[in-house]
Amino acid sequence: MICLRTPSKRNRPLARLALLLTLFFVFCIATSAHATTTRPVEVACPVCAHEFTAYEVGSTNTFGGTDFDFCAHARGEPPNSHWVWACPSCHYANWADDFPDEIEDADTRRTLRDALKIGMEITLDADQRRIPARDKYALFLQSMDVVGASPGELAHVALLGAWAERLEAPYIGDRIEGVDELRPVWKSLDSELTERMEALGGDSKSGLNWPRRKIVVATAILAESPPEDAPRSAIDTRHLRAAWLLRLRGENATAAPVLRRLADDEDAHDIIRAAASDVLAGIGHETRLQEEWLTYALTAHRSGEWSGDDAASRAHQIGDTYRRLGRMEAALSWYERTLRDPHVAAPVFDVTRECVERWCRGRISDEELEELRATRLDGLLDLLADPETTYDAYRSLRALGERSTIPGIVAALDHEHDKVRACAARTLRSLPELPDNAIDALAKVLSEDLDDSEEYAAAALVQNGSPRAREAFLGGIDSSTERTRRWCVEGLGMTGEANDIPVLLGLIETYPGMESRVCEALTQLVCQPVEKLKTFRVWWKLHEHETRADWTTAVFANGALVLDGVDARTQQMRLIETLASDDVPLRCAALRRLREMTGRSIGWDPLTNNGTYPRLVQERRMAVSAWRTWWDGE
């Protein structure tokens with residue numbers, strides 16, 4: 001039996017494709033590898049026992065950016081060819097990780113030997129690195145078909161094969177640079193392309209932006225009217241370079257007509273005609289594999305082999321493949337399906353929308369795009385209320401950050417299932433501003449002591465920082481869940497009043513281990529604006545001798561420093577003097593307040609410089625001296 005599972009951690013093309021959800025993983029974050037590395041290994045074919053040398057991928061990267069169909073480009077050698085090994089003798093092919101797996105059935109081995117053919121001869125001593133990737137993947141598809149692989153498995157291999165052909169497109173510049181007449185134009189395009197791409201804005205080396213800018217600039221070059229006095233060879237060279245750049249990103253529908261014109265033009269330079277013909281041949285190989293991918297993918301999609309966000313992502317790839325083949329109506333139909341699908345991951349949704357806006361203008365209006373967006377958001381809210389899909393919906397809603405979904409999310413806070421309530425609260429936490437009804441609904445969840453949802457409701461209220469949440473925090477500090485209590489203490493640090501200080505102090509005895517969190521909350525509380533803390537001064541006068549520990553006294557003492565009604569300069573002077581204290585919380589609070597007031601720091605950490613050792617005392621003195629020097633100079 002042939003093993004058709006996903007390759008394990010050494011060679012993982014499915015994981016690369018799955019960059020759909022982390023891709024953007026892929027779009028913005030490169031892997032830690034700096035180049036593709038391979039190592040030779042000796043293997044024996046499980047069909048015919050022929051022994052040969054193959055090459056195993058050790059590491060690779062995505063530094064070359066990612067195309068709109070999620071094909072990731074590596075800097076250096078592309079790894080796609082090495083993911084598949086093909087026997088030079090019988091032409092059996094499989095994933096590199098699965099290749100050595102034994103095929104016990106003799107009839108299957110015989111069928112494979114008889115069925116596997118390609119259009120070129122492979123010698124018995126053929127180097128795996130010299131066998132074109134398209135031939136390896138074609139043989140792999142044949143091998144999979146023999147053993148009855150599913151349409152989804154066949155589709156995946158066909159798509160990777162099309163990508164391999166794209167990634168292995170040969171460099172044509174060496175031929176152009178070898179001609180004196182053409183070299184200056186080709187070389188001058190290097191700096192022009194860079195300048196024009198950088199002028200589009202953003203980080204010039206961004207994995208997301210740089211490849212797309214390349215598409216924009218190359219397309220613009222082809223659309224420009226050349227100067228009237230420009231030599232014919234210069235115009236053809238510019239067009240060849242632009243079309244070749246588009247071909248490298250798989251934008252063949254735009255590149256092919258230009259290449260075909262250059263290849264068929266008898267007045268064009270022979271080198272340009274030959275190079276254009278070679279690039280067209282590569283496009284033909286990629287197109288053949290793309291057509292196979294579409295055949296299998298459409299079957300897999302109709303049969304339900306793909307589901308959830310995988311089906312939505314595949315729908316985008318189907319649409320983008322149609323676009324690359326120049327079949328725009330079919331492309332738009334699949335793009336629309338992706339935009340409506342509530343399961344689609346937010347990064348994939350964004351790419352699909354960009355494709356529609358970039359290439360489908362005139363076929364779809366702004367109003368229709370807005371309708372598709374609204375349809376998808378409605379679907380996400382339906383998913384949020386289903387315990388089986390609620391986490392996927394939360395992930396997408398959080399990434400979108402759409403305030404228009406707040407009413408639906410608030411409604412989910414009343415769901416009977418705790419998992420749904422928790423995800424609704426987590427989603428609201430990702431939104432910086434919430435209406436009063438959302439805050440009230442979160443406070444209600446917090447007051448009901450409902451497992452996970454209570455904790456996330458408290459976190460959402462802390463994130464929002466609304467004073468309306470104070471009562472909810474007061475009620476939640478006695479929660480049965482420690483994490484909820486901690487969130488509520490933090491919330492009271494932002495929203496509390498003077499009367500809440502004894503409540504916070506009482507937590508120290510009731511819940512051992514809460515000291516540091518209570519200290520932080522009290523420090524934050526006494527550093528609030530003066531107009532809010534006038535009542536604290538009254539409380540301080542009454543209770544300054546009733547504090548429970550030295551560190552608590554330190555926190556309140558620092559608060560008193562700030563609340564004496566003196567001007568900012570005097571406050572700063574007092575805080576600077578406090579930096580010399582032996583009391584760690586007092587030093588921390590003083591430095592924190594100084595940084596808030598002045599916006600500066602001298603790089604001194606009062607916590608790690610704790611102790612009475614002469615060196616540490618001297619460092620504190622130097623810090624105080626540095627602050628005084630600054631204060632005197634102001």
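Reading the values: the criteria
Residues numbered from 1 in each chain as written. Predicted model: local features only at pLDDT ≥ 70, side-chain atom pairs only at ≥ 80, totals over all residues. Heavy atoms only, no water. Helix = DSSP H or I, 4+ residues; strand = E, 2+ residues; numbered from the N terminus. Buried < 20%, exposed > 50% of the residue type's maximum accessible area, 1.4 Å probe, protein only. Contact = heavy atoms within 4.5 Å. Areas by Shrake-Rupley, 256 points an atom, 1.4 Å probe, with all protein chains shown as cover. Expected span 1.5 Å × (residues − 1). Arc of directions from axis to C-beta. Axes fitted to C-alpha atoms, helices over the stretch in contact; angles between N-to-C directions. Parallel < 35°, antiparallel > 145°, perpendicular 65-115°, else oblique. Left-handed = near helix turned anticlockwise from the far one by under 90°. Nonpolar A, V, L, I, M, F, W, Y, C, P; charged D, E, K, R; others polar. Core = buried A, V, L, I, M, F, W, Y, C linked by side-chain atoms within 4.5 Å. Pairing = 2+ DSSP bridges. Phe/Tyr/Trp six-rings, centres within 6.5 Å; stacked < 30°, edge-to-face > 60°. Salt bridge = Lys/Arg side-chain N within 4 Å of Asp/Glu carboxyl O. Bend = angle between axes of the 7 residues up to and from the residue.

A. Geometry of the overall build of the protein chain. Looking only at helices and strands, the protein chain has 29 helices and four strands in total. Looking at the protein chain as a whole, 52% of its 634 residues are labelled buried. Counting contacts in the protein chain only where the partners sit at least 6 residues apart, residues at least 24 apart contribute 67% of the total. With an accessible surface of roughly 28100 Å², the protein chain has 49% of that area assigned to carbon and sulfur atoms.

B. Region of the structure containing helix H15 (residues 366-384). Taking 1.5 Å of rise per residue, 19 residues should cover 27 Å, and H15 covers 27 Å from first to last C-alpha, within 8% of that figure. Every buried residue of H15 is listed here: Leu 369, Leu 372, Arg 373, Arg 376, Leu 377, Gly 379, Leu 380, Leu 383 and Leu 384. Down the axis of H15, the smallest arc covering the buried residues is 160°, so these residues share one side. Among the exposed residues of H15, those pointing more than 90 degrees away from its buried face are Glu 367, Glu 371 and Asp 382. Lining the buried residues of H15 we find helix H13 (328-340), helix H14 (346-359), helix H16 (390-400), helix H17 (406-412) and helix H18 (418-429).

C. Molecular detail of the side chain of His 239. Note that His 239 resides in helix H9 (residues 232-248). What makes His 239 buried here is its relative accessible area of 12%.

D. How the structure looks around the packing of helix H7 (residues 183-198) against H9. Taken N-terminus to C-terminus, the directions of H7 and H9 make an angle of 50°; their axes are 10 Å apart at the nearest point. Classified by the angle their axes make, H7 and H9 are oblique. Taken as a pair, H7 and H9 cross one another with a handedness that is right-handed. Across the interface between the two elements, Val 185, Trp 186, Leu 189, Asp 190, Glu 192, Leu 193 and Arg 196 from H7 touch Ala 234, Thr 237, Arg 238, Leu 240, Arg 241, Trp 244 and Leu 245 from H9. Tallied by class, residues from the contact of H7 with H9 come to eight nonpolar, one polar and five charged.

E. Inspection of the nonpolar core at higher detail. Core analysis: the largest hydrophobic core is formed by 104 residues, its most contacted members being Tyr 92, Phe 99, Tyr 137, Leu 240, Leu 259, Trp 293 and Ile 318. The element that contributes the greatest number of residues to this core is helix H11 (residues 270-303), accounting for twelve residues. Discounting chain neighbours no more than four positions away, the residues touching Tyr 137 are Asn 80, Trp 83, Val 84, Val 157, Leu 160, Gly 161 and Ala 164.

F. Geometry of the pairing of strand E2 (residues 51-59). Relative to E2, strand E1 (residues 37-44) runs antiparallel, the two being bridged by eight bridges. Across the sheet, Arg 39 pairs through a bridge with Glu 56, a residue of E2.

G. Up close: the packing of aromatic side chains. Under the defined criterion, the tally for this structure stands at ten aromatic pairs. Between the aromatic rings of Tyr 391 and Tyr 394, the centroid separation amounts to 5.5 Å while the plane-to-plane angle is 55°, which identifies the pairing as tilted. A residue pair is termed a helical-turn pair when its members lie 3 or 4 positions apart in one helix, as Tyr 391 and Tyr 394 do in helix H16 at three residues. Looking at Tyr 394, the relative accessible area reads 4%, which means it is buried. Three or more aromatic residues joined by ring pairs make a cluster, and in this case those are Phe 52, Trp 85, Tyr 92 and Phe 99.

H. Here's a closer look at the environment of Gly 282. Mapped onto the elements of the fold, Gly 282 is located in helix H11. For the pair Gly 282 and Ala 169, spaced 113 residues apart in sequence, the C-alpha to C-alpha distance is 6.7 Å. Contacts of Gly 282, omitting those with residues within four sequence positions, involve Glu 165 and Arg 247.

I. Fine view of the pattern of salt bridges. Taken as a whole, this structure holds 46 salt bridges when the rule is applied. Here Glu 56 and Arg 39 are joined by a salt bridge, their closest N and O atoms 2.9 Å apart. A residue pair is termed long-range when its members are at least 10 positions apart, and Glu 56 in strand E2 and Arg 39 in strand E1 qualify at 17 residues. The exposure class of Glu 56 is buried, given its relative accessible area of 7%. What makes Arg 39 partly exposed here is its relative accessible area of 40%. In this structure, Glu 402 and Arg 373 form a salt bridge, with 3.1 Å as the shortest nitrogen-oxygen distance. Here the residue Glu 402 occupies a position in the loop between H16 and H17, and Arg 373 occupies one in helix H15, the gap between them amounting to 29 residues.

J. Molecular detail of the packing of helix H5 (residues 151-167) against helix H12 (residues 308-324). Interaxial distance between H5 and H12 falls to 13 Å at its minimum, and their mutual angle equals 45°. On the basis of their axis angle, the class for H5 and H12 is oblique. Crossing of H5 over H12 shows left-handed handedness. Only Arg 314, Gln 317 and Arg 324 of H12 make contact with H5, whose side of the interface consists of His 156, Leu 159, Trp 163 and Arg 166. Of the residues belonging to the contact of H5 with H12, the class tally is two nonpolar, two polar and three charged.

K. Just unusual backbone geometry, in detail. One non-glycine residue, Phe 70, lies in the positive phi region at around 80°. Among the structural elements, Phe 70 can be located in the loop between E2 and strand E3 (84-86). Take Phe 70: its relative accessible area is 0%, and that puts it in the buried class. With phi around 75°, His 91 is a residue other than glycine that occupies positive phi space. Along the chain, the position of His 91 falls in the loop between E3 and strand E4 (93-95). What makes His 91 buried here is its relative accessible area of 12%.

L. Spatial organisation of H7. The end-to-end C-alpha separation of H7 is 24 Å, in line with the 22 Å expected for 16 residues at 1.5 Å each. The largest bend along H7 reaches roughly 25° and is located at Asp 190. Considered for burial, the residues of H7 that qualify are Val 185, Trp 186, Leu 189, Glu 192, Leu 193 and Met 197.

M. Layout of the environment of Thr 352. Its place among the elements puts Thr 352 in helix H14. Classification of Thr 352 as buried rests on a relative accessible area of 0%. Sequence separation between Thr 352 and Thr 338 is 14 residues; the distance between their C-alpha atoms is 7.3 Å. Setting aside residues no more than four positions away along its own chain, Thr 352 makes contact with His 316, Tyr 335, Thr 338 and Leu 339.

Structural measurements only, silent on function.
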